[in-house]
Structures are given as C-alpha cells and as structure tokens.
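Fold and contact review
Chain residues, written in single-letter form:
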Amino acid sequence: MLQSTTPKMIHWSLIVSALGVCVAILGGYCGWSLFPNMVHKKVEQSVILADGSEQYKRFVNLPQPLNFKVYIFNVTNPDMIQHGAIPIVEEIGPYVYKQFRHKKVKHFSRDGSKITYVQNVHFDFDADASAPYTQDDRIVALNMHMNAFLQVFEREITDIFQGFANRLNSRLNRTPGVRILKRLMERIRGKRKSVLQISENDPGLALLLVHLNANLKAVFNDPRSMFVHTSAREYLFDGVRFCINPQGIAKAICNQIKESGSKTIREQSDGSLAFSFFGHKNGSGHDVYEVHTGKGDVMKVLEIQKLDDTHNLQVWLNASTEGETSVCNQINGTDASAYPPFRQRGDSMYIFSADICRSVQLFYQTDIQYEGIPGYRYSIGENFINDIGPEHDNECFCVDKLANVIKRKNGCLYAGALDLTTCLDAPVILTLPHMLGASNEYRKMIRGLKPDAKKHQTFVDVQSLTGTPLRGGKRVQFNMFLKSINRIGITENLPTVLMPAIWVEEGIQLNGEMVAFFKKKLINTLKTLNIVHWAALCGGAGVALISLLYFLYQKGRGVEPPLK
C-alpha cells in the first residue's frame, strides 16, 4: 500500500508546485501591471472636472476652509524712528481666519476641456485658534496708505498734480487761503498756466509743497509719525479711516487717492476713505479664471489657461520691444487648491498667485507621511525672490519703480526682495517672513526679526497619486521702504530702511473628516490591492517552493513510482 500511494503524492506535489508558480506569476502581473492600470484609470476619472461629478462639487465648494494666518510687526519705538533710529519690531499673532472659497461657474467650453469661473472668498475670524490674540488688540504699525501716497507723489509729482488739476482749480477761487497762493503763483508763472502745470524745477513747486505739507494733517488725521495707532481688526479688514471731511486741496488729494483705483482703499458711507490689507478680498471676486478640466490631458487638470480672458499678464517688463511675453508675465500652474495627479520624485510644479502677480515654481524635496497618507513635499527654490536679475535671465522682475532706496546699480533689489509696485499699484516689497534669506542690506536695518526656515519657508505636501494637497502653506511678507522724501516735513529725519508690515500664511491641513474620507476612497483600496498582490506573489511562490522541496525530498529517499 505504501508503494502504491507514494507516487501519487509525488505526482500531486509537482502539480501543486506548478499551480503555485502560476499564482505567483498572476500576483506579479496584477501587482505590477493590472492593478496600477486600474488605479490609474480610476484616478483619471476621479480628478477630471465634469459637470455634476464629485470632483466638480469639491471644486465649486472646497470641502474644508483654508487656514489664513496673519502676523503683524508691532513697532515698539515709533517716536525714535522719526528721529533716525533703527526700527525695532515685535511679531504679534497669529490672527487666524477661516477662508471659505466658492467658485461661481460661468460656463464650460464646448469640448468640455475648459471651465470658466469667478471665485468668491469669505473670511471668518477664528477666536479659539487666535487666542490669546483678539481683533481688538491695539497695534502700532507702518502707515501704509500715507507712506504709499508720499512715495508715489515723489515719483510722479507732475502726473499726480495734472490728474486732479481741474478739480483743484475749480476750488481755488472758493478757498480764501488758496486764492492768495494762486495770485502769487500767477505772478511768478503768468496767468495763462494752470497752478498745477509745473516741473520739478518750477519756482512755484516749493510753495505747493508747503501747502501739501499743511494738508497732510487734514488728509491723514493729523499724523505725528509714519506709524498708525489702530486695532488689528481695522488694519487687516475693517479699515483705518482717513480723508474725514477734508476741504480745499485736502479734498482734491482725497479724490485723487479714491480715483487711483487701489484695491486696499475703499470709500465709506460718510465719504471718508479706509485702508485695510484684506477688506477687498472679503466678498465677491472679480478675477475671471479659465482652467483646464483635465479632459483630454489629465496632467493639465486645474492649470490656469486664462486670467481675465488673457493668456499672460501685462504687469512685468516684457522680453523685447516687440512685446514678446517675458517669463515674468507667463501664467503657469494651478491656484494651489489642487495639483495635477501622478507626481514623480524629482519633478517640479507651478502655482500662480494673483496676490503677487506671478507664477511660483515648487521643487520636490522629500517623501512624507501625513496621518498615514504617503506623499511628496515640495518647496520654493532660489528662483522665487533670491535669484532675480539679468544674471538669472529674469530681469523682467526688476521694474525699478522706486527712487532713493536700497537697491543695486542695475535697478534690481538685492536678493530676497521683489518690487510689487506694478502689481499692486503701490510701492510694496515682497520678502519671505522675517526676511528669511534676504540680503543683509535689508536685514541689518531692522531689529526684532527672527528668520526660521521651518516656520517661514513656503511648502506643500501633496498626495503623489491624486495631486491632493495634504498640508502646507504659502508664506510671504509685505514691506515698504521707509525713507526721507525731499521737502516732506514728516519724513525729513527718517532712516532709509525696508520696513516690515505683516506676514501671512495661507494654507491647508486636512482635517480628520477629510483624512478619513481620503483613506476610505483611496488609501484603504491601495492597501487591499497591495495585500492581494504580495499575498498571491509570495503565497504562490512559497507553495511552489515547498512542493518542489517535498518532491526532491521524496526523490532523495529513493521512492520511485512503480513501472508499468
């Protein structure tokens, strides 16, 4: 009986070994070919924007608000700065807001590859996350609107005066004190010329500057320094009021400021004006975006195709006299709410920020894990604001709109600073928070800065398969040069420094609900497929190996099947 059963056992061991090999091969095929192709197609279907799809619903209303954190540089020695001292600042914050985004879709393109929309943004103050800071905190900060007006006045004095010449001349005869000035000017220059048709060398300019100095008090609420005492609420959103019931030349100046079209200055119900950093962003949007839906090319999903019906910006210098679009004016990438899928180690990607009028390149840094979700970390490179100038083939960023400031001979700012004058219609300078990586030409003139790459560098963690942002933030700082302006009394003793105002972090960190949703929809499925893959591969190979060893063991004992 033993000899009759042993050959059958050896026979079946070979069959089991062959089956094990087949299962292992099948496991390898599924794990390295079939499953990846299935997942790839599923991801493609899930990220493409199609009317009524789940992705479309998430696109229109972000499933969770973004975090918007603001840090204010409180000035601790404003009176001393007025007499030439180096500014000392102290960071206060964060003041945390929840930023809700809703896209009002206008239409899809005929082939479904483009979608056009306007984005509305709403901010809610998060008192718990901001504690112990409140919006009623009193601060001393750079008077941005007055400083901007004076610097623009210095640069474009003739154009400014010509801009409100008609309004002012119509008031001259009705204002007793100004009538005297006009008669004096007419004697100097002749009656046929407007009081405002002047040049910098005009003998009447000094008289007008005297009058401007006198009217700064009426325009900017009798300022005693270049710094404003206000609340965080007013400085950031509600507005710091000025131009309150102005008369004469002061009213003409206020009308010119109002008609300049600055987004950060709004007219109030009583006719006064108010400056705030972000009040204009809180509500209905105006920019019209056209982005790719991913149909036909999933690697372009959500990439901006047009902004306000144009493919490129007209903000920065262009490459040639023929108007060829420069690299600075190109619109590249997404708005940072999502990214194209199938990221690879070592690649880069772009985001476009309308707030700073430029595209920003992000580079792969390392692999990460966020709440059990694998992804890649991307960060800005030196070409953001450090490597700018003709030696880096991006001198189009050197708009050279600032006079008598700390800059290079070729008009470019030193490393780590970018002039946003042509972007914001105000002499605002962009740096990283606490002037991280900026030239010592700027950092040495301010005390209280504490740059830290971990806290102040821009980064984003992205789920590599879907392009979903997991965590990260855009971190930038807004500054203005503080300097003496010729014949403007309130500035006469000021040091020339790059003065920080605020820095902001706009980012996301997937909450528990979104992490659970993401794991259920993708990560758990990938884990299941991975288990099947390795179970089949290793299990099949193991069974095949054990069966083969058993066959060899039996054969080594000399047990042979009977011959027929």
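In this text the structure is predicted, and so the values were computed from the model without any measurement.

The rules behind each value
Residues numbered from 1 in each chain as written. Predicted model: local features only at pLDDT ≥ 70, side-chain atom pairs only at ≥ 80, totals over all residues. Heavy atoms only, no water. Phe/Tyr/Trp six-rings, centres within 6.5 Å; stacked < 30°, edge-to-face > 60°. Helix = DSSP H or I, 4+ residues; strand = E, 2+ residues; numbered from the N terminus. Buried < 20%, exposed > 50% of the residue type's maximum accessible area, 1.4 Å probe, protein only. Lys NZ or Arg CZ within 6 Å of the ring centre and 35° of its normal. Contact = heavy atoms within 4.5 Å. Disulfide = S-S within 2.5 Å. Core = buried A, V, L, I, M, F, W, Y, C linked by side-chain atoms within 4.5 Å. Pairing = 2+ DSSP bridges.

**A look at the packing of aromatic side chains**
The tally for this structure, following the rule as stated, stands at 22 aromatic pairs. With a centroid separation of 5.2 Å and 55° between ring planes, the pair formed by Phe 123 and Phe 237 is classed as tilted. Taken as a pair, Phe 123 in strand 3 (residues 114–125) and Phe 237 in helix 10 (residues 232–238) lie far apart in primary sequence, 114 residues in all. Exposure class is identical for Phe 123 and Phe 237. Each is buried. Among the aromatic residues, ring-to-ring pairing joins Phe 68, Tyr 97, Phe 123, Phe 125, Tyr 235, Phe 237, Phe 275, Phe 277 and Phe 278 into one connected group. Over the ring of Phe 59 we find Lys 103, and its NZ or CZ is 4.8 Å from the ring centre.

**Side note on the environment of Val 462**
With respect to the helices and strands, the residue Val 462 is situated in strand 16 (residues 459–462). If we skip the residues at most four places from it in the chain, Val 462 touches Tyr 339, Arg 343, Met 349, Gly 375, Tyr 376, Tyr 378, Gly 467, Thr 468, Pro 469 and Leu 470.

**What to know about the state of the cysteines**
Under the counting rule described, the total for this entry stands at four disulfides. Disulfide partner of Cys 243: Cys 254, at an S-S distance of 2.0 Å. Across the disulfide from Cys 243 to Cys 254, rotation about the S-S bond amounts to roughly -95°, and the bridge is consequently left-handed. Linking Cys 243 in the loop between strand 6 (240–242) and helix 11 (249–259) with Cys 254 in helix 11, this pair joins segments that are 11 residues apart in sequence. Residue Cys 243 is classed as buried on the basis of its relative accessible area of 1%.

**A closer look at the nonpolar core**
Counting 121 residues, the largest nonpolar core has Tyr 235, Leu 236, Phe 478 and Ile 502 as the members making the most contacts within it. For this core, the element with the highest residue contribution is strand 18 (residues 497–509), accounting for seven residues. Excluding residues that lie within four positions of it along the chain, Ile 502 makes contacts with Val 70, Tyr 71, Ile 72, Phe 73, Tyr 235, Leu 236, Phe 277, Phe 278, Gln 477 and Phe 478. Of all hydrophobic cores here, the second largest spans 10 residues; its members include Leu 66, Ile 373, Met 514 and Phe 518.

**Some thoughts on helix 11**
Within helix 11, eight of the 11 residues are buried, which leaves it mostly tucked inside the rest of the structure. Two residues or fewer past helix 11, Gly 261 is found with a positive phi of approximately 85°.

**Section: the pairing of strand 17 (residues 469–482)**
Of all 14 residues in strand 17, 12 are buried, a share of seventy percent or more. The pairing of strand 15 (residues 428–431) with strand 17 spans four bridges and is antiparallel. The partner of Thr 431 across the bridge, within strand 17, is Gln 477. Direction of pairing for strand 16 relative to strand 17: antiparallel, over a ladder of four bridges. What sits directly across from Val 462, in strand 17, is Pro 469. Where strand 16 folds back onto strand 17 in an antiparallel hairpin, the turn is made up of six residues, including Gly 467, whose phi is positive at roughly 80°. Sheet topology places strand 17 next to strand 18; 12 bridges connect them, and they run antiparallel.

Shape is all these values report; function is a separate question.
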